[in-house]
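Read off the chains here:
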Amino acid sequence: LVVAMSTTSAAAAMPPATPRAAYVHLPFCRRRCFYCDFPISVVGSKPGAADAAAERYCALLHREIAASPSRQPGAPPLASLYFGGGTPSLTPPPLLAGLVDGLRDAYGLADGCEVTLEMDPGTFDVARLRAFLEAGVTRVSLGVQSFDDKLLTSAGRSHDAAEARAAVELLMQAQSS
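Keep in mind that this is a model prediction, so the values were computed, not measured.

If you add up the space inside the largest pocket, you get close to 350 Å³. Elements that contribute at least two residues to the lining of the largest pocket include exactly strand 5 (109-119) and strand 6 (139-142). Within the lining of the largest pocket, the residues separate by chemical class into ten nonpolar, eight polar and six charged.

Enumeration over the complete set of coordinates arrives at two salt bridges. Asp101 is paired through a salt bridge with Arg104; the nearest N and O atoms lie 2.7 Å apart. Of this pair, Asp101 and Arg104 both sit in helix 3 (residues 93-107), three residues apart, roughly one helical turn. Residue Arg104 is classed as partly exposed on the basis of its relative accessible area, which comes to 37%. Where Arg157 meets Asp120, a salt bridge forms, and the shortest distance between an N and an O atom there is 3.2 Å. Note that Arg157 is positioned in the loop between helix 5 (149-155) and helix 6 (161-176) and Asp120 in the loop between strand 5 and helix 4 (126-134), a separation of 37 residues in sequence. For Asp120, a relative accessible area of 12% puts it in the buried group.

We now examine the pairing of strand 5. As paired strands, strand 4 (residues 78-85) and strand 5 are joined by five bridges and run parallel to one another. Bridged to Phe83 within strand 5 is Leu117. In this region the chain leaves strand 4, passes through helix 3 and returns to the parallel neighbour strand 5; the handedness of that crossover is right-handed. As judged from the four bridges shared by strand 5 and strand 6, these two strands associate in the parallel manner. By the bridge assignment for strand 6, Leu117 is matched with Val140.

Reading guide: rules and limits
Residues numbered from 1 in each chain as written. Predicted model: local features only at pLDDT ≥ 70, side-chain atom pairs only at ≥ 80, totals over all residues. Heavy atoms only, no water. 1 Å grid on protein atoms, 1.4 Å probe; cavity = no way out; pocket = protein on both sides within 12 Å on 5 of 7 lines; lining within 4 Å. Points joined across faces, edges and corners; volume = space filled by probe spheres on them. Helix = DSSP H or I, 4+ residues; strand = E, 2+ residues; numbered from the N terminus. Nonpolar A, V, L, I, M, F, W, Y, C, P; charged D, E, K, R; others polar. Salt bridge = Lys/Arg side-chain N within 4 Å of Asp/Glu carboxyl O. Buried < 20%, exposed > 50% of the residue type's maximum accessible area, 1.4 Å probe, protein only. Pairing = 2+ DSSP bridges. Right-handed = clockwise from strand over helix to strand, strands pointing away.

Printed below as a string of structure tokens:
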């Protein structure tokens, strides 16, 4: 987490700004979509393919959090966490929970803090979704570019329209429960 600071004397006399939001990049993808220009790590589509890489990466993120200036006394806690990628839903839920806890410890989380997780169809089932919700996720950004199989194929997406519909249904069920 980086906070930009000015070097002017007036700015130097002020306490450093405390972040109100955090973006955490989780770069794992089953494959690179044809339109994607984000920094990612392709892990393949086997179940659990991202687990070992995610463990190493999350350990580095914990070091980054620990090395960053923590919340100053009286400063407000984080109002928003956003886990983007890549396909963050490939990260094992316990590792995501650990990141939420680490950020909570370092910066605090405001009551009602929005915790967003980008998820792709085909990367979660009901049990994994529940585990993400239990980890603190309050909002999902679902990566559905189309419900047309031909368009999904031409974009290089790793899911099809049926998986997209199933993912929407799972999210709707979770919202109503």
